[in-house]
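Inside the fold
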Amino acid sequence: MNAQTDRVLAQVEERGIRFIRLWFTDVLGTLKSVAITREELEQAFDEGIGFDGSAIQGLTRVYEADMLAKPDPATFQVLPWRGQTQGTARMFCDILTPDGAPSLADPRNVLRRALTKAASLGFSLYTHPEVEFYLFEQQADQAAAPIPVDSGGYFDHVARGSTHDFRRAAIAMLETMGISVEYSHHEAGPGQSEIDLRSADALTTADNLMTFRTLVKEIALEHGVFATFMPKPLVDQPGSGMHTHLSLFEGDRNVFHDPGAQYGLSRIARQFIAGLLIHAAEVTAVTNQHVNSYKRLWGGSEAPSYVCWGHNNRSALVRVPMHKPRKGDSASIEYRGIDSATNPYLAFAVMLAAGLKGIEQGYELPEATDDDVWNLTDAERRALGITPLPHDLAAATEVMERSELVAETLGEHVFRYVLANKRAEWDEYRAQVTPWEIKRFLHRL
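Residues numbered from 1 in each chain as written. Predicted model: local features only at pLDDT ≥ 70, side-chain atom pairs only at ≥ 80, totals over all residues. Heavy atoms only, no water.

**Some words on the overall build of the chain**
- Summing up its helical and strand segments, the chain has 14 helices and 18 strands in all.
- Its C-alpha atoms give the chain a radius of gyration of 22 Å, near enough to 22 Å, the size a compact globule of 445 residues would have.
- For the chain, the spread of C-alpha atoms along the three principal axes comes to 65 × 60 × 50 Å.
- Considering only residue pairs separated by 6 or more positions, the chain has 70% of its internal contacts joining residues 24 or more positions apart.
- Element-wise, carbon and sulfur atoms account for 50% of the exposed surface of the chain, whose accessible area totals about 20500 Å².
- Separation between the mean location of the 43 positive side-chain charges and that of the 59 negative ones in the chain comes to 3 Å. (Helix = DSSP H or I, 4+ residues; strand = E, 2+ residues; numbered from the N terminus. Rg over C-alpha atoms; globule rule 2.2 N^0.38 Å. Contact = heavy atoms within 4.5 Å. Areas by Shrake-Rupley, 256 points an atom, 1.4 Å probe, with all protein chains shown as cover. Lys, Arg positive; Asp, Glu negative; His and termini not counted. Charge placed at Lys NZ, Arg CZ, Asp CG, Glu CD.)

Take a look at the structure:
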């Protein structure tokens, strides 16, 4: 026991907490939960809670099924949507083997390993995600076309719009849990919202994102609607991305900032961007893990489809936000490829690894792209050295399979599982006969 666990035990007693939900994710980023009573909490801190790891996607094999979930006391928060009694709290867990060693298959541990490598180089990673999602009407037929809750567009103030009330309720609950919000607004699609979380260290941000997705779905149910983080739920509307701002720090100093350099970008920042670009195709099967993710990437509406960077260029994969000379600590780069359905632990790990590789190998950053990349011809893009991201999950998986960087970052177990899972998802997808095919061919052929 230590001071942190003692504080949690005291809070549980003082606040009348009856149940504690222990949270972790499977390899795909699906939240898992087991509830314990407060009487079991001290033992959970000491020994962890045993469970069948072979029943969790990608965690372990049948013949080594016993695993332990050990709560991290730093993540203790009361769940505000559990009613007025305030009787339920949650903590994220680290997954351990029976001998107490960190599980190599635990996504949280994958990110910890990447952060430890960064720390060995003197760096810590801070992230600031802009999370997009849709709100749809509840329908009895879940196979029916989704109906957005409004017809608003980008930054629209919809009179008596349900999304306003929804975002207000969501932000209030997030802040009661210590998750700070920077902005919120209506996004470009009907019924689409964006809520931006404030910058935090990468592990905290990943935990916050898992809480965010759960909280948004809970509040949606309370409002009689449903929320989805599906990357592209509507054919003719924008997808839901999760543009993520990244910053490296040495202690309290933001090493991406150089006030005398072009765009305020330090040499380290330029090398980090170069790493992201060179390894972008390799990490895409992690940052964009579903077949539907590629409908967003190649569906227009400002989704990044090509590997390039630019200053304030929203068609680029990596954007350098406007330089603020007096705010050096806020210097960041924005990776625009990642979507809202990713597993944030794995995504942050591979993005960090790609950037660090650029620093370690001294990669040279190509010239910035000022053009609207979507409006260039293929020949013009080739002349500029701009390559496309993978067009679909099959192509992304094939590139990832050859990646030493992704294999090393994820570890062999997670790497092999993700490859097998993505191949299975693609095989199942391509076997489907879609409504589009029926409409187009059934009566014509």
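**Points about the packing of aromatic side chains**
- Summed over all chains, the structure comprises 13 aromatic pairs.
- An aromatic cluster of at least three residues, connected via ring pairs, comprises Phe133, Phe166, Phe212 and Phe229. (Phe/Tyr/Trp six-rings, centres within 6.5 Å; stacked < 30°, edge-to-face > 60°.)

**Thoughts on a negative patch on the surface**
- Taken together, Asp6, Glu42, Asp46 and Glu47 make up a surface patch of like negative charges.
- Of the residues forming the negative patch, the biggest block, three residues, is contributed by helix α2 (residues 41-47).
- Mapping Asp46 onto the fold places it in helix α2.
- Asp46 sits in the partly exposed class, given a relative accessible area of 41%. (Patch = residues over 30% accessible without salt bridge, like charges linked within 9 Å, V, L, I, M, F, W, Y side chains within 5 Å. Salt bridge = Lys/Arg side-chain N within 4 Å of Asp/Glu carboxyl O. Buried < 20%, exposed > 50% of the residue type's maximum accessible area, 1.4 Å probe, protein only.)

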